[in-house]
Amino acid sequence: MQQYYPVPGKHRRGSMRSRASGCCLAGALFGVLLTSVPVSAMPVNIRGTVILPPPCTINNNQTIRVDFGDEVMTTRIDGVNYKQTIAYSLNCDIQKSNDLKMSIQGGTAGFGTGYLSTNKSDLGIALYYGTQRLNINTWFNYTYPNQPVLYAVPVKRSGATLTGGEFTASATLLIDYQ
């Protein structure tokens, strides 16, 4: 095995020279970078208007209730039967724009697409704006004072056999500017 023993003083000078030239080169590059910074500046003015959500009162600040009654037969739940109107009031004092959007926010059923979940795993609620099916947690546009007519209808998981008993669901109705 061959070993290398440096000769005292010989390699030190060479390495000091290369270090010194490296430092000079780095200093020169740093100087070039400093002088290449743009010398002109332009002020930037930013302007905007913050608007509040539309001043609307939904259902006189009372809970909206949809009652399917006590005679919903599990074998007749098909997404058509038992359709109920979601009755609510809407009063807005709008001065900016009548172009609004609405959303019904809530938990999604574990089946189908966009159904509102209920306390029964195989039962959901389909929502409609007129004849148009709505997915839970999505927005749709409308123009105030035309109040959207909303419907709810129970749906069940395909092939499921529902058990009897009371069911519940809850959601939040939101309104905002488009």
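Cut-offs applied
Residues numbered from 1 in each chain as written. Predicted model: local features only at pLDDT ≥ 70, side-chain atom pairs only at ≥ 80, totals over all residues. Heavy atoms only, no water. Helix = DSSP H or I, 4+ residues; strand = E, 2+ residues; numbered from the N terminus. Buried < 20%, exposed > 50% of the residue type's maximum accessible area, 1.4 Å probe, protein only. Contact = heavy atoms within 4.5 Å. Polar contact = N/O pair within 3.5 Å; in protein donor to acceptor, adjacent residues only side chain to side chain. Phe/Tyr/Trp six-rings, centres within 6.5 Å; stacked < 30°, edge-to-face > 60°. Lys NZ or Arg CZ within 6 Å of the ring centre and 35° of its normal.

Engineer: Explain the overall build of the protein to me, and be specific about the residues and the numbers.
Structural biologist: For the protein, the helix and strand inventory stands at 1 helix and 10 strands. Listed N to C, the secondary structure of the protein is α-β-β-β-β-β-β-β-β-β-β in terms of helices and strands. When the 178 residues of the protein are sorted by exposure, 25% land in the buried category. For the protein, long-range pairs separated by at least 24 residues make up 74% of all intrachain contacts whose partners lie at least 6 apart in sequence.

Engineer: Tell me about the side chain of Ser-103, and please be specific about residues and values.
Structural biologist: Examined against the element boundaries, Ser-103 turns out to sit in strand 4 (residues 99-106). Within polar-contact distance, the side chain of Ser-103 engages the side chain of Gln-105 at 2.4 Å. One polar contact links the side chain of Ser-103 to the main-chain carbonyl oxygen of Thr-138, over a distance of 3.0 Å. When residues no more than four places from it in sequence are discounted, the contact partners of Ser-103 are Asn-137, Thr-138, Trp-139, Thr-172, Leu-173 and Leu-174.

Engineer: Describe the packing of aromatic side chains, listing the residues and the values that go with them.
Structural biologist: Evaluated as defined, the whole model comprises 4 aromatic pairs. When the centroid spacing of 6.5 Å and the interplanar angle of 45 degrees are considered together, the rings of Phe-140 and Tyr-142 count as tilted. Following the ring pairs from residue to residue traces out a cluster consisting of Tyr-129, Phe-140 and Tyr-142. Positioned above the aromatic ring of Tyr-128 is the side chain of Lys-83, whose terminal nitrogen or guanidinium carbon lies 5.0 Å from the ring centre. One residue, Lys-101, lies across the ring of Trp-139, its end atom 4.7 Å from the ring centre.

In short, geometric facts, not functional conclusions.
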